[in-house]
Amino acid sequence: MDQPNPNPDLERYHGFSLRSVTWGYREVFAQTIEELFREGYLGPQRREVTAAFFALLKQADQGCFDYLLRQFLGALGPANRWLLDLPGIFVDVVETGTSLAKQKLNHGIRFFETLAKGGMGESPQQVRAFLDWVRGLRETDGELAMAFLDGYARLARRLTPPEMERYLDVARQIHRGNPESGYRFLRGDLGTSEAYILAITLECRLVDITPALQALLAALTGTACAVEDLGQLDSDDLIERGTATLTVEGHLYLPGSTRRFPAAPDNRNWYRLCALAAAAMLLEDSFARIHGHPEFRTCAALAGEDTARLNLFQILEFTRILRRAACRWPGCRRLIAWGIRNELSNAVPGSPEQLLADALDETRNSPLLDTFRQTADQAVNCFASAQRLGELDLPELLAAYPAVASHMLQPVGFLSDFLFPVHFATAPADQMIADLKNAARKQGSEGEEEASTSEGTGGEETEQAEETPANEPAFLYDEWDFQQNGYRKDWCHLRQRPLEPNPFAQPKPSWLDEARKVRAVFERLKPDLARREKHLADGDTIDADRLLAHLVDRRREPSPPVRFYEKPIIHHRDLAVLVLLDVSGSTGEEMGHADRVLDVEKQAAVILGQGLATLGDRFAVGGFSSNGREQCEYLVFKDFAETWSAETMARILTAWPRNSTRIGPALRHAGHLMARQPARQRLIILVTDGKPMDQGYSPHTRYAQHDVRMACEENARRDIHTFAISTAENSLADMEIMFPRRRFVILPSIAQLPNVLPQLYLRWTL
């Protein structure tokens, strides 16, 4: 076999020569390097990565170090090449491996072996955390870092990053007393290592789950809400009241850690339940909205000092809040039922806790409880609940639950304590309190039940679920900041909204004529999905003509090849496609003949939809726009479960030009939807008429373009591939940044889209 040129272009290789590598490795080095150049991972467009890559290779010495470099190149296989797209992380990997190798060659070899096995993680955050841990341990002791490498696979499966930090702190403490014990602790050879893993995975700490809780609150309420340690409040009041949760406007206070349950998932679920209840309290204008105002330090200022009224006000509010939460978020019903069962299952008969448990238990029906639930459902806010206390049949309630008048309701673990004396919160605005009072007064004067749920069900969809956009649940997505070489966590809020079809919207006759042509082409493709494979050495049937030719050939040669068998081959198209349309404000521009850009997109979607319905491919159609990072939207024109119909077309025709173009969150949400589809081939086809533009984007950088690229890479790691169709508004350079491996088409005019889109689809999927 010919050996590679040992002295290629030194300038292209940044001064590295294959002559410096031991003879047996030169071919492998040359093939790997050229493959990386050919695929665009190395080259002038990637100066930082290329320089770091060859800086390491130039340390080849035709000796033992060449074996380390061989491990390094082997680690850059297809599964890890995404690291080359992130210069900061790649340079960190190279520098960490180099420093370990200089300390002890075997340490560097083991480091790159771990990388080759994918042991450092599958995301930028995971790799960064791994490198930080290795570097931190190496500063203490190089052997300690190697012990961590040996045990990392086991630890990573069982510990979250915050838990890993705690585990490593303990390892350092053990190492200071006895280095060998520290090594064994990290490798998992000590019995105490398993005991400690069990201990830290059982307890749930607030600091570890705070980001997730704050994201949940932001997603459910649409506004930021700080999660803080309950221990910073007055300890005397906490001890006296037994408060476990406190919600005030903009803040949720929870214990610093909890071991309420014998399993770690249950402890984490308890924190999630607290956040869910807090979100419901804020959205439903409960007493938590005004708790801490100078006039309302506790709910006694609203309900009065009488024990019975205080108990009934709290129970009425808790019943209203939790029943509304079950209606608003049906998926949380099991979590709420779990919390009620754990907090109230041992309630004393006749106690206020028993009344709350019975009011929330849908299986318990009686005229008394039905009336109580109806009263709770009809209140629009905490002021209305206080007003409706007079509507309750107090003698009948006290006859059934006598302790309501004599024993104060004990704080329920996951519900805010309305009787905790708040003197620390920023006072709620007087205007907000006036608005709540006015809403309660208006409801009382008009006698309408606009905010009520269905009587006695607590589980049916109601108008209450249709809130303003700020109150709709949101999907939270990270955004990639290429300048900081890291993600902005939970940066974008995206809301998914179905569109109601316009019953009067009809596609133009010319669109349907074009759709029929495309449909005819797609129909001709279907018979090709089943065909016969010929010229086989083995099969189900015999081609008589080829058998005869074979017998003739046998007279001329002793053993001619057997090629006269046939067998049927069935090709199944196992794919799912999501067509993502840009419905931003720029699509409202007219193109002539009174057609707008969005009209052309609608036409293309209708034509392609007709063809896909004929071909039998699973597909969905969505739209996207934005108005800042906190107001991104994904419009559902057709989801995967729906069949293509006139109603679906009418929904597409309903779309109208909206706001700005933030593509990254839309692609990530499309990837989230596609990941649910069990198809062998999954595609996202993005149609946009312009550059990504939105509030917070600088026109002087390509921040937005790099975020789109990272969104495509994230989807590609899940085997979801993105193809883009754009106009010349996006330059070739911008498109190459946004859509790696040149999976894009730039049209001279968007007017060509209806004709081009079906052709491109067939090219990408056949």
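These lines cover the structure that appears in this document, whether it is placed above or below. (Residues numbered from 1 in each chain as written. Predicted model: local features only at pLDDT ≥ 70, side-chain atom pairs only at ≥ 80, totals over all residues. Heavy atoms only, no water.)

Our focus in this paragraph is the overall build of the chain. The secondary structure content of the chain amounts to 29 helices and 16 strands. Projecting the C-alpha coordinates of the chain onto the three principal axes gives extents of approximately 110 × 80 × 60 Å. In the chain, which comprises 766 residues, the share counted as buried stands at 53%. The contacts of the chain with a sequence gap of at least 6 include a subset with a gap of at least 24, amounting to 72%. With an accessible surface of roughly 34,700 Å², the chain has 50% of that area assigned to carbon and sulfur atoms. For the chain, the distance from the average site of its 87 positive side-chain charges to the average site of its 105 negative ones is 8 Å. (Helix = DSSP H or I, 4+ residues; strand = E, 2+ residues; numbered from the N terminus. Buried < 20%, exposed > 50% of the residue type's maximum accessible area, 1.4 Å probe, protein only. Contact = heavy atoms within 4.5 Å. Areas by Shrake-Rupley, 256 points an atom, 1.4 Å probe, with all protein chains shown as cover. Lys, Arg positive; Asp, Glu negative; His and termini not counted. Charge placed at Lys NZ, Arg CZ, Asp CG, Glu CD.)

Counting 76 residues, the largest nonpolar core has Phe 287, Phe 313, Trp 329, Leu 355, Phe 372, Phe 383 and Phe 414 as its most contacted members. If you tally residues by element for this core, the top one is helix α13 (residues 264-283), at 13 residues. Excluding its chain neighbours within four sequence positions, the residues that come into contact with Phe 414 are Thr 245, Trp 270, Leu 273, Cys 274, Ala 277, Leu 322, Gly 339, Ile 340 and Glu 343. (Core = buried A, V, L, I, M, F, W, Y, C linked by side-chain atoms within 4.5 Å.)

Another point: helix α7 (residues 142-158). Look at α7: 24 Å from first C-alpha to last across 17 residues, which is about the 24 Å you get at 1.5 Å a residue. Its maximal kink placed at Gly 151, α7 deviates by approximately 60°. Considered for burial, the residues of α7 that qualify are Gly 142, Leu 144, Ala 145, Met 146, Ala 147, Phe 148, Leu 149, Gly 151, Tyr 152, Arg 154 and Leu 155. Against the buried residues of α7 lie α4 (87-103), α5 (105-116), α6 (124-140), α8 (161-177), α9 (179-187) and α10 (191-202). The opening residue of α7 is Asp 141, an N-cap whose side-chain oxygen sits 3.0 Å from the backbone nitrogen of Glu 143. (Expected span 1.5 Å × (residues − 1). Bend = angle between axes of the 7 residues up to and from the residue. Polar contact = N/O pair within 3.5 Å; in protein donor to acceptor, adjacent residues only side chain to side chain.)

All right, on to the environment of Val 422 then. Checked against the element boundaries, Val 422 lands in the loop between α20 (394-400) and α21 (430-446). Looking at Val 422, the relative accessible area reads 0%, which means it is buried.

What follows is about the pairing of strand β16 (residues 744-747). Across 4 bridges, the pairing between strand β15 (residues 720-727) and β16 is parallel. Looking at β16, one finds that Ser 726 is bridged to Ile 746. What joins β15 to β16 is helix α28 (residues 732-738), and the crossover it makes is right-handed. (Pairing = 2+ DSSP bridges. Right-handed = clockwise from strand over helix to strand, strands pointing away.)

A sheet is described by the order of its strands in space; here 3 strands give the open sequence β2-β4-β3, paired in mixed fashion. One side of each edge strand has no neighbouring strand; the edge strands of this open sheet are β2 (226-229) and β3 (246-248). Taken over all neighbouring pairs, the strand axes of this sheet differ in orientation by 20° on average, direction set aside. In terms of strand pairing, β2 meets strand β4 (residues 251-254) through 4 bridges, oriented parallel. Paired with Glu 228 across the bridge in β4 is Tyr 253. (Axes fitted to C-alpha atoms, helices over the stretch in contact; angles between N-to-C directions.)

Right, let's get into the pattern of salt bridges. One pass over the full model with this rule turns up 44 salt bridges. When salt bridges that share partners are traced, they join Glu 35, Glu 39 and Arg 81 into one network. (Salt bridge = Lys/Arg side-chain N within 4 Å of Asp/Glu carboxyl O.)

Moving on to the sheet that holds strand β6 (residues 475-481). Pairing in this open sheet of 8 strands is mixed, and the strands run β6-β7-β13-β12-β11-β14-β15-β16 from one edge to the other. Of all strands in the sheet, those bounded by a partner on one side alone are β6 and β16. When strand polarity is set aside, the average angle formed by the axes of neighbouring strands in this sheet is 25°. Pairing of strand β7 (residues 486-498) with strand β13 (residues 632-638) involves 5 bridges; the strand directions are parallel. Bridge pairing links Arg 497 to Leu 635 in β13. Taken strand by strand, helix α27 (residues 703-717) contacts β6, β7, β14 (681-687) and β15, and its axis lies near 120° from that of β6.

Burial of β14 is extensive: 7 of the 7 residues sit out of reach of the surface. Burial along β14 is two-sided: the residues Gln 681, Leu 683, Ile 685 and Val 687 and Arg 682, Ile 684 and Leu 686 are all buried. In this sheet, β14 lies alongside strand β11 (residues 575-582) in parallel orientation, the contact comprising 7 bridges. Bridge pairing links Leu 580 to Leu 686 in β14. Here β14 runs beside β15; their pairing, made up of 6 bridges, is parallel.

On to unusual backbone geometry, then. In this structure, His 14 is a non-glycine residue whose phi angle is positive, near 55°. Turning to its location among the elements, His 14 is positioned in the segment before α1 (26-38). Since its relative accessible area comes to 35%, His 14 is described here as partly exposed. Notably, Arg 742 is not glycine yet its phi reads approximately 55°, a positive angle. Tracing the chain through its elements places Arg 742 in the loop between α28 and β16.

This paragraph deals with the side chain of Asn 485. Its location among the elements puts Asn 485 in the loop between β6 and β7. Residue Asn 485 is classed as buried on the basis of its relative accessible area of 13%. For Asn 485, the residues in contact, after removing those within four places along its chain, are Leu 86, Pro 87, Gly 88, Ile 89, Arg 128 and Trp 480.

Time to look at the side chain of Asp 689. Checked against the element boundaries, Asp 689 lands in the loop between β14 and α27. It turns out Asp 689 is buried and unbridged, and the closest side chain with the opposite charge, Arg 596, is 11 Å from it. Among the polar contacts listed, one links the side chain of Asp 689 to the side chain of Ser 586, at a separation of 3.1 Å. Discounting residues that sit within four places of it in the chain, Asp 689 has contacts with Asp 582, Ser 584, Ser 586, Thr 587, Val 597, Glu 601, Thr 727 and Glu 729.

This part covers the packing of α6 against α8. At a minimum axis distance of 12 Å, the contact between α6 and α8 shows a crossing angle of 10°. The angle between α6 and α8 falls in the class roughly parallel. Between α6 and α8, the contacting residues are Trp 133, Gly 136, Leu 137 and Thr 140 on the first element and Pro 161, Met 164, Glu 165, Leu 168, Arg 172 and His 175 on the second. Residue composition of the contact of α6 with α8, grouped by class: 5 nonpolar, 3 polar and 2 charged. (Parallel < 35°, antiparallel > 145°, perpendicular 65-115°, else oblique. Nonpolar A, V, L, I, M, F, W, Y, C, P; charged D, E, K, R; others polar.)

On to the packing of aromatic side chains, then. Under the counting rule described, the total for this entry stands at 30 aromatic pairs. A ring pair is formed by Phe 72 and Phe 112, whose centres lie 5.2 Å apart and whose planes are at 65°; its orientation type is edge-to-face. Taken together, the positions of Phe 72 in helix α3 (residues 64-75) and Phe 112 in helix α5 put the pair 40 residues apart, joining distant regions of the chain. Grouped by ring-pair contacts, the aromatic residues Tyr 13, Phe 16, Phe 37, Phe 53, Phe 54, Phe 72, Phe 90, Phe 111 and Phe 112 constitute a single cluster. Across the ring face of Trp 329, the terminal group of Arg 328 is positioned such that the distance to the ring centre comes to 5.7 Å. Of note, Arg 629 hangs over the ring of Trp 491, and the distance from its end group to the ring centre comes to 3.7 Å. (Phe/Tyr/Trp six-rings, centres within 6.5 Å; stacked < 30°, edge-to-face > 60°. Lys NZ or Arg CZ within 6 Å of the ring centre and 35° of its normal.)

We now examine α8. Taking 1.5 Å per residue, 17 residues should reach 24 Å; α8 reaches 25 Å between its end C-alpha atoms and fits that length. The set of residues buried in α8 consists of Glu 163, Met 164, Arg 166, Tyr 167, Leu 168, Val 170, Ala 171, Arg 172 and His 175.

So yeah, pure geometry; function would need other evidence.
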